[in-house]
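Topology and contacts: notes
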Amino acid sequence: MIELKKIVPVDNLTELEAQAELRYLAKEIAYHDSLYHEKDQPEIDDATYDSLRQRNTAIEDKFPHLIRPDSPSRKVGHKASPAFSKVTHLAPMLSLENAFIEEDIIDFLERVKRFLGLNTEEIEIVAEPKIDGLSCSLRYEEGCLKQAATRGDGEIGEDVTENVRTIQNIPLTIPYAETLEIRGEVYMKHSNFNKLNALRIQAKEPLFANPRNAAAGSLRQLDARITATRPLEFFAYGFSKYPLKLATHFEGLELLKEWRFPVNPLIEVCPSIQDILAFYQKIESLRSELDYDIDGVVYKINSLSLQHRLGNVARAPRYAIAHKFPPQQAQTTLENIIIQVGRTGVLTPVAQLKPINVGGVIVSRATLHNDDELIRKDIRIGDRVLIQRAGDVIPQVVKVLNPERPNRSLPFKFPTHCPVCESYIERLPEQAAHRCTGGLYCPTQASLRLRHFVSRDAFDIEGLGLKHIDSFFQEGLLKTPVDIFTLEEKDMNSSTPLSSREGWGIKSAQNLFTAINNRRNISLERFIYSLGIPQIGQTTAKLLAFHYEKYFQWKEAMQKAAKEDGEERQDLLSINGIGPSVAEDLLSFFKEQHNIDILDKLEHHLTITDIISIAFNDSPINGKVIVFTGTLNNLTRAEAKARAESLGAKVAGSVSSKTDYVIYGEDAGSKARKAKELGVNLLTEDEWLTLIKEFE
Ligand code: IVH
């Protein structure tokens, strides 16, 4: 820790002194933030901490051009903090598929009808404004608010109960004894947001960029007394599970109102597609008059029995869709183009812009996607450009506004070598992206891969934040993921153990080792995702884990498929959702010996659990191979397949000795015959529904 020797009045500071002190303050305040928020061991009292921040603000006010990118005044709120305990939601908090144009909505309704086997009838929809806040789940037990949680990863969120109790329009009791979770959005009204920022100007505190950030920063306060001073509000829109007596979503909203939950007053039942699209137009035209932010509308199938039949795909329900408003746009000047290196070596040109306010958010960078896009739009340094942002999407450059101006700079030339490691840049045939060929030699790629490896949806190692990863990487302490699991052992024999380093203590080092040890058991899908293979996101990792079931089965099949175009490669490509391009990236990973070495070493430190054994333990069709044949009476093929898969079964197109059940409807032909010949279990549609009903 650096000692601040003399306190010079701000007015007497020279520019050099101000610069040095701002550097010191950024480091010092970050150090105390980390002690307070992450390690729960503050070394200074609140008043001393506040005086450091005030000093920082005072110097920045006098020397605004010296404000540092890492200045504490630029940070609002805090990153996920271990201080919030984790809670598992009663049912996953799903996200929504996004639609942007009317055709997407027409497609959605058609898809729903096809799935349900409905031909002509209209399906009743409930249309709701999409509130731009933070989703929150409120658990009531025996009629009392017992727990409130943020969405988190959808399965597990952060416990914000004490903070939520301070939100005035959330009832603390409800007249319902069973345990259930009410779902909705926490938000801040524009009028209150403006008042809050006005107070922060007076208090010389950093301003919130928009009402959503203000709501997030306020909800995730470690001290609920601070949340209590923030004007947060809540709109309820759903349940973890609808109470049994209800038949429609709209009745659910009525019940929520009866229970004194605030429900958005603009919600409407729409019997036809025309009503739906008229609702969208109406809400879009009202948007600027509303005192709260919305970023679109949500359509939900009203009937709960249809909702149930439709079920979910990955992390979104099939029975709902978000119809987003068009992006917000603004004009500014493009000051520079830089090249950013991504985790998988993909190089993205990024526009540095003259900062501009777009729909309440200050934008200073925008993605230019790739070289083709740059050439197609003929974007050059110094151009006046139109930029847009939509929701959480990275801002984009739409077009150049003054392409005809004289003295335009020359077209941007994509570099031939990586700006970080100077490795040669390649462009694969038929791909738009340029890639740095440095692989793990490229420090940016290597540290981004480590970051990915420990990230929330991968190994989720608490206490191994981005800053630690980067500094451990620079020191050479962590080079590959294997080093994470040998860190404690090496630390014991080290002359400079972690606990002796600046910012660390015995407790925090031990906490880190415990967090690492807690993750030595990992599910196969998470493990595959954590490897950071290009194009292998969470959904594809799940598909692979589901198909291969066991880690060693997967690894062996991939190694064989990488070597030759045989049975294993065909099997990989037979997985619904794995196309040739994904397979190529996956197999390229297995063609590299250093990747295999890492897997071989990781195996010694980890227990990688089979997906089947975790997800569908109780299901009678877990891991079974099923074939449907003939015309089913109660459900369409798509629905039958989705329901079987959601219980852990694999649905195949043809009968073989590997088939466990054949479910036959009317006019079942050769497949049923073949099943009989092979002695495969044959079930009628009703027998099948009885078998699975209990487990759904
Ligand atoms: S329903 C299963 N209704 O939008 C359906 N979500 O993009 C899950 N949101 O995480 C959500 N207003 O935070 C629903 N009227 C509304 C909503 C709404 C805002 C948010 C919610 C969700 C996100 C999905």
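Up top is the structure these notes are about.
Only a predicted model underlies this, so the values are computations on that prediction, with no experimental measurement involved.

Scanning the entire structure with this criterion turns up 37 salt bridges. The shortest N-O distance in the salt bridge between Lys257 and Glu254 comes to 3.7 Å. Remark: Glu254 and Lys257 occur in helix α8 (residues 249-258); sequence separation between them is 3 residues, near one turn of the helix. Residue classification places Lys257 among the partly exposed positions, given a relative accessible area of 44%. Judged by relative accessible area, Glu254 falls into the partly exposed class, the value being 36%.

A word on the packing of helix α14 (residues 481-492) against helix α15 (residues 506-517). What describes two packed helices is the angle between their axes and the distance between those same axes. The N-to-C vectors of α14 and α15 enclose an angle of 140 degrees; their axes lie 9 Å apart at closest approach. The angle between the axes of α14 and α15 places the two elements in the oblique class. Along this stretch, α14 crosses α15, giving a crossing that reads as left-handed. Between α14, through Ile484, Phe485, Leu487, Glu488 and Asp491, and α15, the contact on the second element is made entirely by Gln510, Leu512, Phe513, Ile516 and Asn517.

What the rule picks out here adds up to 0 disulfides. The thiol of Cys136 is not disulfide-bonded; the next cysteine sulfur, from Cys144, is found 17 Å away. Cys421 provides the cysteine sulfur closest to Cys436, a residue in no disulfide bond, and the two sulfurs are 3.6 Å apart. The exposure class assigned to Cys436 is buried, which follows from its relative accessible area of 6%.

Calculation rules
Residues numbered from 1 in each chain as written. Predicted model: local features only at pLDDT ≥ 70, side-chain atom pairs only at ≥ 80, totals over all residues. Heavy atoms only, no water. Salt bridge = Lys/Arg side-chain N within 4 Å of Asp/Glu carboxyl O. Helix = DSSP H or I, 4+ residues; strand = E, 2+ residues; numbered from the N terminus. Buried < 20%, exposed > 50% of the residue type's maximum accessible area, 1.4 Å probe, protein only. Axes fitted to C-alpha atoms, helices over the stretch in contact; angles between N-to-C directions. Parallel < 35°, antiparallel > 145°, perpendicular 65-115°, else oblique. Left-handed = near helix turned anticlockwise from the far one by under 90°. Contact = heavy atoms within 4.5 Å. Disulfide = S-S within 2.5 Å.

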